[in-house]
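# Survey of secondary and tertiary structure
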Amino acid sequence: MASFSNLTIGIAVASFTVFQLLFHILSSWVSTRITPGFNNLSQKRKIEWNSRTVSTFHALVVGGFCLYILFYDDAVNADRLWGDPSIVKLNIAITTGYLISDLLLIIYYWKAIGDKFFVIHHLAALYAYYFVLSKGLLAYFGNFRLLAEFSTPFVNQRWFFEVLGYPKSSKANIINGVLMTVVFFVVRIAVMPIYYSHVISSFGTEAFQRLGFAAQSAWIISSVVLDVMNVMWMVKIAKGCYKVICLVGQEEAKTHRNGKSD
């Protein structure tokens, strides 16, 4: 029987409410004041802009908590399957509120921001986080997955530059693109061996058996689904970064040739 504490429910509800307010009110209000180009966007792009602004805010908040837990929460780090999940629950409750908020917005504004992969991503994450929040299981692994959020601000910034009309060869775009590729690889791909080595090392242990089949399957299946999508996104990002670097190289070569001809 699932059992969610009042604190967990309260934080998830508060998180949902805050992210809805950010999307519907605060994002547009702030964006019009710091980015004049926002007012020139179509309604469809304004919806996606607000969605990505909220996404960036969420990533920075939970990413910061994630690092704190990985470095300083000794109870969770000492027992990855059954360690005291109190602090992790707070972070995952924030993420749960965000995921539910974003999922509803994706469905409601499907023509503007609908994406089946994001629906799958959100549902897989929510299914896994259910066991952390309701049963206190797998807190270390649930928190570890949130490392991936550190790549989100760079991914969103690339889109912001694009809709604001920044040339792909602009310095800001190139720097963000390289950082996006590197950070995405580090927090979503390079960490896979570490993550799955911890997963495999737990197989067959008494602590693993105590999880039960439902939690075991939710943990493994959601991890694999999320990482398959991470690999797919990494390939797309790497290809995009390569194209931009080639474009810059071509422009530099062209400039060099023109300089010689002058």
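Throughout this document, residue positions are counted from 1 along each chain, in the order its sequence is written. pLDDT decides what is reported in this predicted model: residues at 70 or higher carry local features, side-chain atom pairs at 80 or more are listed and counted, and totals for whole chains, interfaces and linings draw on all residues regardless. The basis for the side-chain values is all heavy atoms of the structure; hydrogens and waters are excluded.

A separate point is the packing of helix α1 (residues 6–34) against helix α4 (residues 86–108). Here an axis means a line fitted to C-alpha atoms, over the contact stretch when the element is a helix, while the angle between two N-to-C directions is reported on a 0 to 180 degree scale. Numbering of helices and strands runs from the N terminus; a helix is a DSSP stretch of H or I covering at least four residues, while a strand is a stretch of E covering at least two. Taken N-terminus to C-terminus, the directions of α1 and α4 make an angle of 45 degrees; their axes are 7 Å apart at the nearest point. Regarding the angle of α1 to α4, the classification is oblique. With respect to the hand of their crossing, α1 and α4 are arranged in right-handed fashion. Each of Leu7, Thr8, Ile11, Ala12, Ser15, Phe16, Phe19, Gln20, Phe23 and His24 in α1 lies in contact with α4, whose residues at this interface are Lys89, Leu90, Ala93, Ile94, Gly97, Tyr98, Ile100, Ser101, Leu104 and Leu105. Between 65 and 115 degrees an angle is taken as roughly perpendicular, under 35 as roughly parallel, over 145 as roughly antiparallel, and anywhere else as oblique. Crossings are sorted by hand: turned counterclockwise from the far helix by less than a right angle, the near helix makes the crossing left-handed, and turned clockwise it makes it right-handed. Note on definitions: a residue-residue contact is assigned when non-hydrogen atoms from the two residues lie within 4.5 Å.

Any Lys or Arg side-chain nitrogen located within 4 Å of an Asp or Glu carboxyl oxygen qualifies as a salt bridge. Under the defined criterion, the tally for this structure stands at 4 salt bridges. Across the pair Arg52 and Glu48 runs a salt bridge whose closest N-O atoms are separated by 3.0 Å. One end of the pair, Arg52, and the other, Glu48, are both in helix α2 (residues 43–72), 4 residues apart, so they sit about a helical turn from each other. What makes Arg52 buried here is its relative accessible area of 18%. With its nearest N and O atoms 2.8 Å apart, the salt bridge here joins Asp227 to Arg145. In this pair, Asp227 sits in helix α12 (residues 213–261) while Arg145 sits in helix α7 (residues 139–145), placing the two residues 82 residues apart along the sequence. Both residues of the pair, Asp227 and Arg145, count as buried. When accessible area is computed with a 1.4 Å probe and restricted to protein chains, residues below 20% of their type maximum are described as buried, those above 50% as exposed, and intermediate ones as partly exposed.

Another aspect to go through is unusual backbone geometry. Phi angles above zero are rare outside glycine, and Leu138 is one such case at about 60 degrees. With respect to the helices and strands, Leu138 occurs in the loop between α6 (116–135) and α7.

Turning our eyes to something else, we now look at the nonpolar core. The criterion is simple. A nonpolar core is a set of buried Ala, Val, Leu, Ile, Met, Phe, Trp, Tyr and Cys residues joined through side-chain atoms within 4.5 Å. Residues Leu81, Val88, Ile92, Leu138, Phe141, Leu211 and Trp219 are the most contacted members of the largest nonpolar core, which totals 45 residues. In terms of residues, this core owes the most to one element, α4, which gives 9 residues. Discounting residues that sit within four places of it in the chain, Leu81 has contacts with Gly136, Leu137, Leu138, Phe141, Ser202, Thr205, Ala207, Phe208, Leu211 and Trp219. Of all hydrophobic cores here, the second largest spans 10 residues; its members include Met180, Ile189, Met234 and Ile237.

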